[in-house]
Amino acid sequence: MTTAKVLLVGIDGVRFDILQQARTPTLDRLAGSGCHHSMAIPEEGITVSGPMWSSILTGTWPTEHGVYDNSTAPERRLPDVFTRLGRQGMLTRPIAVAAWQPIVAATGCGPLVDPTLVDCVPIDMPDESPESYIAGDRTVLQIAQARLADPAVDAAFVYFGEVDEVGHRDGVSDRYRAAIERADSLLGELLDHLDARTDREDWTVIVTTDHGHVDGGGHGGTTLAERQVWVTSDRELGIVSPVDIAPAIYELVSAGHHGNSCGHQAESTPDTVPARAHT
Ligand SMILES: [Zn+2]
Ligand SMILES: [Zn+2]
């Protein structure tokens, strides 16, 4: 039995209705063999990057993971799903690459991915302008491609940040839609690179966002434009909420390990395996 490998791609701040209007051949191709649908961030969620990426990576809402804003680290850090799987010996070399530092580095509310077990690569950014993120996201792509050339890498979180910065500066505009199309193109380059491996290996690709934007640009509130998010995957995984993503990844990878072993079950505790939040 082939061990399941997972690529999780995060594209920050992509509003669902604008994504539907944008030209996104890569996401369309993934959806063609799997699924693409909207999801709502419920009351328990916070439409801010740090809290939401923490929800996506841990499968819990802020009352559990403790990340309420972008600047304050939680008192007790819940492990991200790659760390949980790594601690249980079910991943060999997970990686995380991001230009927004709190994802992978001890700054602000970060690191949302624990660098102890996961090979975390923060990209240096001169500032948070859209122009810096265009260059930063391309560097993220190049580093992710280089890391994925290592056959030991068996899970990856790759994060692109330009779309959110354009949303803040220009609002939901033609430039915002163009940024979404650039992110889809980066995703296409990343998947092309993975194709040589997927011939021989069982990779599942999941793409998602953390929140939308109000028309004038900005998020953090409770309007539908901010709360409506989405997920695209090349496999139907039963994800109906952002907090289903981490459990889906956990189940995918651990199922392969259960199949490989002689009846051995992975360690399972309430802290390490959050229940799916089907609502
Ligand atoms: Zn965000
Ligand atoms: Zn933002």
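Our subject is the structure that appears above.
Residues numbered from 1 in each chain as written. Chains lettered and ligands numbered in written order. Predicted model: local features only at pLDDT ≥ 70, side-chain atom pairs only at ≥ 80, totals over all residues.

A.B. asks: What is the right way to read the overall build of the protein chain from this model?
C.D. replies: Counting secondary structure elements, the protein chain contains ten helices and seven strands. If one aligns the C-alpha atoms of the protein chain with their principal axes, the spans along those axes are about 55 × 40 × 35 Å. Among the 279 residues that make up the protein chain, the fraction classed as buried is 47%. Across the protein chain, contacts joining residues at least 24 apart in sequence account for 69% of those joining residues at least 6 apart. (Helix = DSSP H or I, 4+ residues; strand = E, 2+ residues; numbered from the N terminus. Buried ≥ 20, exposed ≤ 12 C-beta atoms within 10 Å, placed from the backbone. Contact = placed C-beta atoms within 7 Å.)

A.B. asks: For this particular structure, what's the right way to read the sheet that holds strand 4 (residues 119-122)?
C.D. replies: What holds strands together in a sheet is hydrogen bonding between their backbones, with the strands either parallel or antiparallel. Here we have seven strands laid out as an open sheet, ordered 2-7-6-1-5-3-4, and mixed in their pairing. Each edge of the sheet is formed by a strand with only one pairing partner; in this case those strands are strand 2 (35-40) and strand 4. Across the sheet, the mean angle from the axis of one strand to that of its neighbour is 15°, orientation sign disregarded. Bridge analysis of strand 1 (residues 4-11) against strand 5 (residues 155-160) gives six bridges, and the strand direction is parallel. Looking at strand 5, one finds that Val 6 is bridged to Ala 155. Across the sheet, helix 2 (residues 25-33) is in contact with strand 2, strand 6 (202-208) and strand 7 (228-233); its angle to strand 7 comes to roughly 65°. (Pairing = 2+ DSSP bridges. Axes fitted to C-alpha atoms, helices over the stretch in contact; angles between N-to-C directions.)

A.B. asks: Got a minute to help me understand the environment of Leu 8 in this structure?
C.D. replies: Within the element layout of this structure, Leu 8 appears in strand 1. Residue classification places Leu 8 among the buried positions, given that 25 C-beta atoms sit within 10 Å. Sequence separation of Leu 8 and Thr 204 is 196 residues, and the distance between their C-alpha atoms is 8.4 Å. Excluding residues that lie within four positions of it along the chain, Leu 8 makes contacts with Phe 157, Ile 206 and Ile 249.

A.B. asks: Could you clarify how one ought to interpret the environment of Gly 220 in this entry?
C.D. replies: Counting through the fold element by element, Gly 220 comes out in the loop between strand 6 and helix 9 (224-227). On the basis of neighbour count, Gly 220 is assigned to the partly exposed category, with 14 C-beta atoms found within 10 Å. Measuring from C-alpha to C-alpha, the distance between Gly 220 and Val 14 comes to 14 Å, with 206 residues separating the pair along the chain. The contact partners of Gly 220, leaving out residues within four places of it in the chain, are Thr 47 and Val 48.

A.B. asks: How do you make sense of the pairing of strand 3 (residues 94-98) when you look at a structure like this?
C.D. replies: Looking down a regular strand, the side chains alternate between one sheet face and the other. Counting buried positions over the five residues of strand 3 gives five, a clear majority of the element. Of the two faces of strand 3, the one holding Pro 94, Ala 96 and Ala 98 and the one holding Ile 95 and Val 97 are both buried throughout. Judged from the four bridges that link them, strand 3 and strand 4 form a sheet pairing that is parallel. The residue bridging Ala 98 from the neighbouring strand is Pro 122, located in strand 4.

A.B. asks: What should I look at first to understand the environment of Leu 85 in this one?
C.D. replies: Inspection of the secondary structure puts Leu 85 in helix 5 (residues 81-87). With 28 C-beta atoms counted inside 10 Å, the residue Leu 85 sits in the buried group. When the C-alpha atoms of Leu 85 and Ala 155 are compared, they prove to be 9.9 Å apart, with 70 residues separating the residues in sequence. Setting aside its immediate chain neighbours within four residues, Leu 85 contacts Met 90, Leu 91, Tyr 250 and Val 253.

A.B. asks: Explain helix 6 (residues 130-148) here, please?
C.D. replies: Note that an α-helix has 3.6 residues per turn; residues three or four places apart therefore point the same way. When the terminal C-alpha atoms of helix 6 are compared, their 26 Å separation across 19 residues agrees well with the 27 Å that a helix rising 1.5 Å per residue should span. For helix 6, every residue scored as buried is listed here: Tyr 133, Gly 136, Asp 137, Val 140, Ala 144 and Leu 148. With its buried residues spanning 105° around the axis, helix 6 presents them on a single face. Residues of helix 6 that are exposed and point over 90 degrees away from its buried face: Glu 131 and Ala 146. (Expected span 1.5 Å × (residues − 1). Arc of directions from axis to C-beta.)

Structural measurements only, silent on function.
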